[in-house]
Amino acid sequence: MHPRLTECLEGLTALLFPPVCLHCGKPVQDESPLRSLCKACSLNLHRVRPPACSCCGHPFYGPDEREFYCEHCVGLKPVFGEGRTLVLFHGPARSLMHELKYHRGLHVLRDLGRVACEDPSLADWARGGVLVPVPMHPRKRRERGYNQTELIAEELLRCGVGLRLEKLLVRRADGKSQTAFDRMARLGNLKNAFAPLPGASITPDHHYILLDDVFTTGSTLNRCAQVLREAGASRVDVLSFGHG
Ligand SMILES: [Zn+2]
Ligand SMILES: [Zn+2]
């Protein structure tokens, strides 16, 4: 469809069905910086600014040290270089991600991209990098119909900082439910859960940036980083949209 026509249709839809804030349900005014949240909730998104944990990107409040691991990350032993997070995953951020993951709310992607592209420190850090989205379990992907992390990666390409997207990893289907495993078995299961995409090529001096929607324990990202390293990547960092 012609872009002008798409724009007209979007304008008409907005006129007939004024958007309401995904978080608080109030109308989204024209002056709101985001389309899925009202102005108050947009401003309430907890955007992460330094200083932050070098592993997961969670902010900390204290003297700015060069390398600092928060209490959640001390035991992780990350094999990636640096981890960054764009927002803290509560309040409006949680509502945005919930809409994307569980209500097929692809319309929030533009807002997620805007939040990312507006991050002042991201441009310099990520410039020229290769985004590698964390793959989803094949069964889950089939059920949902899409991998939201891949879609977020596509939005980040619009930031104009020369990012590229390469889906270099696959998640193996094991057919077993994770809940049926005890903790050790589950860790072992995760250990072999990821593999390089057959035929994928790694260029050692590229800056690979593993992308996930939400950082929780970091173990998934760490496994993915390990696979990229074993495949020859020398610089692997991590970016999460939200910190759980
Ligand atoms: Zn609101
Ligand atoms: Zn941390």
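Everything numeric here is computed off the predicted structure, so don't read it as measured data.

A. The arrangement of the overall build of the protein chain in detail. Counting its regular elements, the protein chain contains 9 helices and 7 strands. Out of the 244 residues in the protein chain, the part that is buried amounts to 44%. For the protein chain, the share of sequence-separated contacts (at least 6 apart) that also reach a separation of at least 24 residues comes to 69%. Of the accessible surface of the protein chain, which amounts to about 13,200 Å², a share of 54% is contributed by carbon and sulfur atoms.

B. Focus on the pattern of salt bridges. Overall, the coordinates contain 10 salt bridges when judged by the stated rule. For R141, the salt bridge is made with E150, and the minimal N-O distance between the two is 3.0 Å. Sharing partners across several salt bridges, the network here consists of R141, E150 and K167.

C. Main features of the nonpolar core. In terms of nonpolar packing, the biggest core is built from 36 residues, with M97, L100, L112, I152, L156 and L239 touching the most fellow members. The two domains that each donate at least three residues to this core are domain 1 (1-44) and domain 2 (46-243). Not counting residues within four places of it along the chain, the set of residues in contact with L112 comprises L96, M97, L100, I152 and F241. One finds V132, A193, L221 and A225 within the second-largest nonpolar core, a separate group that totals 26 residues.

D. Examining helix α3 (residues 92-102) more closely. The buried fraction of α3 amounts to 8 of the 11 residues, a majority that puts the element mostly inside the structure. Where α3 is concerned, the buried positions are P92, A93, S95, L96, M97, E99, L100 and K101. Directly beyond the C-terminal end of α3, a positive phi value near 50° is found at R104.

E. Spotlight on the coordination of the zinc ion (ligand 2). Taken together, the protein ligands of the zinc ion (ligand 2) are C53 (SG), C56 (SG), C70 (SG) and C73 (SG), with distances of 2.3 to 2.4 Å. Taken in chain order, the donor set of the zinc ion (ligand 2) reads C-x2-C-x13-C-x2-C. Of the two residues examined, C70 and C73, each falls in the buried class.

Reading the values: rules and limits
- Residues numbered from 1 in each chain as written.
- Chains lettered and ligands numbered in written order.
- Predicted model: local features only at pLDDT ≥ 70, side-chain atom pairs only at ≥ 80, totals over all residues.
- Heavy atoms only, no water.
- Helix = DSSP H or I, 4+ residues; strand = E, 2+ residues; numbered from the N terminus.
- Buried < 20%, exposed > 50% of the residue type's maximum accessible area, 1.4 Å probe, protein only.
- Contact = heavy atoms within 4.5 Å.
- Areas by Shrake-Rupley, 256 points an atom, 1.4 Å probe, with all protein chains shown as cover.
- Salt bridge = Lys/Arg side-chain N within 4 Å of Asp/Glu carboxyl O.
- Core = buried A, V, L, I, M, F, W, Y, C linked by side-chain atoms within 4.5 Å.
- Domains from an automatic or database assignment.
- Donors = N, O, S within 2.8 Å, 3.2 Å for Na, K, Ca; no water.

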